[in-house]
Amino acid sequence: MAIRFDHKPGLVIYLTAGDPTLDATRAVAVAAIDAGADVIELGVPFSDPLADGPVIQRAMERAVARGVSLRDVVKLAREIRAARPAAGIVIFSYFNPILHYGLHEFVDAAAAAGADGVLVTDLIVEEAGEYLIEMARVGLAPIFLAAPTSPDERLEAIATHCKGFIYAISRVGITGTQQTMTSDAASLVARIRRWSTLPVAVGFGISNSEHVAQVAEFADAAVVGSAIVGLIEGSTPEAAPGAVARFIEGLRLPQAALAR
Amino acid sequence: MASIIVPAVPSESRAGRFGVYGGRYVPETLMAALVELEREYDLAKADAAFQAELADLLKNYAGRPTALYYCKRLSEQLGGAKIYLKREDLLHTGAHKINNALGQGLLARRMGKKRIIAETGAGQHGVATATVCALLGLECVVYMGDVDMERQELNVLRMRLLGAEVRGVSSGSKTLKDAISEAMRDWVTNVRTTYYLLGSALGAHPYPTMVRDFHRCISLEMKEQILEREGRLPTAVIACVGGGSNAIGAWHAFIADRQVRLIGVEAGGRGTALGEHAARFRGGSPGVLQGTFSYVLQDENGQIALTHSVSAGLDYASVGPEHAMLHDLGRAEYVVQDDAAALDAVVRLARTEGILPALESAHAVAEALRLAPTMEARDILVVNLSGRGDKDMGILARELNLQGA
Ligand SMILES: Cc1ncc(COP(=O)(O)O)c(C=O)c1O
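Being a predicted model, the structure only gives us computed values, none of them experimental.

A. Up close: the interface of chain B and chain A. Chain B puts 43 residues into the contact, and the matching count from chain A is 43 residues. With both sides pooled, the region where chain B packs onto chain A buries about 3,400 Å², and carbon together with sulfur makes up 53% of that total. When residues of chain B are sorted by the area they lose upon contact with chain A, Glu28, Arg185 and Gln303 of chain B head the list and together hold 21% of the total. For the pair chain B and chain A, the interface holds 4 salt bridges. Across the pair Glu28 of chain B and Arg154 of chain A runs a salt bridge whose closest N-O atoms are separated by 2.8 Å. At the junction of chain B and chain A, the tally comes to 19 residue pairs in polar contact (both at pLDDT 80 or more). Going through the elements one at a time, β2 (21-25), α1 (31-45), α8 (176-189) and β11 (285-289) of chain B are the ones with two or more residues in the side of chain B that touches chain A. Grouping the constituent residues of the side of chain B that touches chain A by class yields 17 nonpolar, 15 polar and 11 charged.

Following this line, the structure appears as structure tokens:
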């Protein structure tokens, strides 16, 4: 268990936990790992996901309505860890559910469940003092977002505090699919490399094999979120694992995009 | 009473803390913009030309200073403390919100931003922002929950007439909270060209400080006016608390005057169960929502609770971080008045003094109606009448059956 990108390019797959059900998310995560995902990000449903676009908003709204909580997501991480000991598992959350759980209690539970890292969407490095101490205490990797708008001094601070990998946001904006990659991503990754030797994963708006191939030219991994969450939204719970597995296999085949 | 679960307190950061509250809890993409905003605001604050232009607009465009009016008939009827009203309702656009919209509008222009976005609940901040954008020739987009668009329709029409685009928000509770989330999504996406003109003393640093500073004129005037009229400071200053901008503006110059009670009135809605009110200090606990650490109404999983109030401007699950600090210090007292009390207060003030308050402000009036008879004739209550009630005529017509008999 560790965050490692054994495949080239690496793939990080984001899932909104509990959408449509916790059982379905577990089955999809296992299928995604078997199809070649290096890291699974388990998104914690939150009532007010202000950094997310419509697809993930809808998924979260459904999961919140079903009462899915951070506690459930920690349990889910434990189950996925048991099923696939070698995969990377990151809990991806807004800060309030973690604060409400208790920072101390949460990192203990997440580490005991076998998670590798945690990413908090609305926690910047300046506000992360106590969080970093708690994460270090239990050996969890804190993963921070780096944005195209982050100046070099912020990238340096982000690089200093990240473990596991650095998550580079491909463009300014919220999560969701996009047609083309902007030049923001490549220049951001180049700037990050000045401060860190950690792997860099690029996310936000990556939805097909062409995007993945483009990202592979300058980064270590691509993060695919809304495209997967949207695929699950359009599938039955029974069909979702197979559909996601086929989609992930296609992401590493550039010609698949053309043949479609 | 719900027990207060104190979470692990987020670490002290350098900027924008009110005790442990406040800070910056935002996606990284916004950080550069917040740092730039803080720097530009500090420069503008120290710039005499900026301050002079703002002072001129507040005086000749918005109508400052606002009157401090003694409610003779009401005070005599209640038989106790003297009640004064600080008449923010007389300002251009009908509420205190214009103070902040002018300040931030000038700041946005100074920063070279041509596109302004805002959220609004009651529509008063949206109207104030649309007004300032018309005045300064700036593009304006206002996010407003679908529920609020329906119940404050008059303000939707005003914003459109002023040239603003009003975008309905259909997620979550379809009220102020969801409008703020949608405005933040727009800002994250268009951060390089867009200025987010936030309408209350909420959100990430520097907003709570900046918005408070732009409303501080309320308490500065109030203090001078009451000293001139009564030769002494008031017993208490009462204000309604939505996000907390009119209250912090009405209090700030009195915080060091320990003998002046500061009374904030939250919306009691239609019940005490979670979801039926917006009383953050009664039913909430510390948490992070929309950029700041403060009291938040939330459930056992840390999901933000739904809220209810007859007044759209008080219908919000969190509260400005400076209020959280004043609450914990015991410097300010926070009480609750419900929908029915606010509606009664509208009628009472209208029929006793000929003044129609906004439903938000009516919560503060309701507290004065309760408190005055328990006090002595030498006691002075100043109510910050944050806005006028024209926008609420649809709700009032229905609730008070004005079209009937
Ligand atoms: C007239 C009036 N008063 C009060 C408020 C509540 O906001 P705040 O607490 O920021 O003053 C509003 C908000 O829309 C308002 O329109």
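B. Local environment of the layout of surface pockets. Approximately 410 Å³ is the volume found for the largest pocket. Along the walls of the largest pocket sit 24 residues, with Ser47, Glu61 and Val64 of chain A together with Gly172 and Ile304 of chain B positioned nearest its centre. For the lining of the largest pocket, the element with the highest residue contribution is helix α2 (residues 54-65) of chain A, accounting for 5 residues. Partitioned by chemical class, the residues of the lining of the largest pocket number 9 nonpolar, 9 polar and 6 charged.

C. Local environment of the sheet that holds strand β12 (residues 291-296) of chain B. Strand order in the open sheet formed by 4 strands is β1-β2-β12-β11 (chain B), with antiparallel pairing between adjacent strands. Every other strand in the sheet has two partners, leaving β1 (17-18) and β11 of chain B as the edge strands with one partner each.

D. Spotlight on empty space enclosed by the protein. One pass over the full model with this rule turns up 10 cavities of 30 Å³ or more. In this structure, the largest cavity spans a volume of roughly 300 Å³. Lining the largest cavity are 31 residues, and of these His96, Lys97, Ala122, Gly313 and Glu360 of chain B sit closest to its centre. Of the residues assigned to the lining of the largest cavity, the class counts are 8 nonpolar, 18 polar and 5 charged. Within this model, the second largest cavity holds a volume of roughly 150 Å³. In terms of lining residues, the second largest cavity is bounded by 18 residues, among which Ile56, Tyr167, Thr175, Gly225 and Ser226 of chain A are the most central. For the lining of the second largest cavity, the secondary-structure elements that each account for two or more residues are β9 (221-224) and α10 (226-233) of chain A.

E. How the structure looks around the site of the ligand. Residues and elements named next belong to chain B. In the neighbourhood of the ligand, 19 residues make up the surrounding shell, with Ser200, Gly242, Gly244, Ser245 and Ser386 lying closest. At a separation of 2.5 Å, an oxygen atom of the ligand approaches a polar side-chain atom of Ser200. The separation between an oxygen atom of the ligand and a polar main-chain atom of Gly244 is 2.7 Å. With the chains in place, 98% of the 390 Å² that the ligand exposes on its own is no longer accessible.

F. Region of the structure containing the pairing of strand β3 (residues 88-93) of chain A. All names here are of chain A. Of all 6 residues that make up β3, 6 are buried, and the element is covered over most of its length. Residues of β3 alternate between two faces, with Gly88, Val90 and Phe92 on one and Ile89, Ile91 and Ser93 on the opposite face, all of them buried. With 4 bridges joining them, β3 and strand β4 (residues 117-120) adopt parallel strand pairing. For Val90, the partnering residue across the bridge sits in β4 and is Gly117.

G. Here's a closer look at the packing of aromatic side chains. Following the criterion strictly, the structure yields 18 aromatic pairs over all chains and no others. Considering the side-chain rings of Phe95 of chain A and Tyr25 of chain B, the 5.7 Å spacing of their centres and the 20° angle between planes classify their relative orientation as stacked. Placement of Phe95 of chain A in helix α4 (residues 95-101) and of Tyr25 of chain B in strand β2 is noted, with the two residues assigned to different chains. The class of Tyr25 of chain B is buried, set by a relative accessible area of 1%. Considering the side-chain rings of Tyr70 of chain B and Tyr84 of chain B, the 5.2 Å spacing of their centres and the 40° angle between planes classify their relative orientation as tilted. In this pair, Tyr70 of chain B is assigned in strand β3 (residues 68-70) and Tyr84 of chain B in strand β4 (residues 82-87), connecting sequence segments 14 residues apart. An aromatic cluster is present here, built from Tyr21, Trp251, Phe281, Phe293, Tyr295 and Tyr334 of chain B joined pairwise through their rings. When the ring centre of Tyr70 of chain B is taken as origin, the NZ or CZ atom of Lys82 of chain B, which lies over that ring, is 5.2 Å away.

Cut-offs used in this document
Residues numbered from 1 in each chain as written. Chains lettered and ligands numbered in written order. Predicted model: local features only at pLDDT ≥ 70, side-chain atom pairs only at ≥ 80, totals over all residues. Heavy atoms only, no water. Contact = heavy atoms within 4.5 Å. Buried area = accessible area lost by both parts, 1.4 Å probe. Salt bridge = Lys/Arg side-chain N within 4 Å of Asp/Glu carboxyl O. Polar contact = N/O pair within 3.5 Å; in protein donor to acceptor, adjacent residues only side chain to side chain. Helix = DSSP H or I, 4+ residues; strand = E, 2+ residues; numbered from the N terminus. Nonpolar A, V, L, I, M, F, W, Y, C, P; charged D, E, K, R; others polar. 1 Å grid on protein atoms, 1.4 Å probe; cavity = no way out; pocket = protein on both sides within 12 Å on 5 of 7 lines; lining within 4 Å. Points joined across faces, edges and corners; volume = space filled by probe spheres on them. Pairing = 2+ DSSP bridges. Near = heavy atom within 4 Å. Areas by Shrake-Rupley, 256 points an atom, 1.4 Å probe, with all protein chains shown as cover. Buried < 20%, exposed > 50% of the residue type's maximum accessible area, 1.4 Å probe, protein only. Phe/Tyr/Trp six-rings, centres within 6.5 Å; stacked < 30°, edge-to-face > 60°. Lys NZ or Arg CZ within 6 Å of the ring centre and 35° of its normal.

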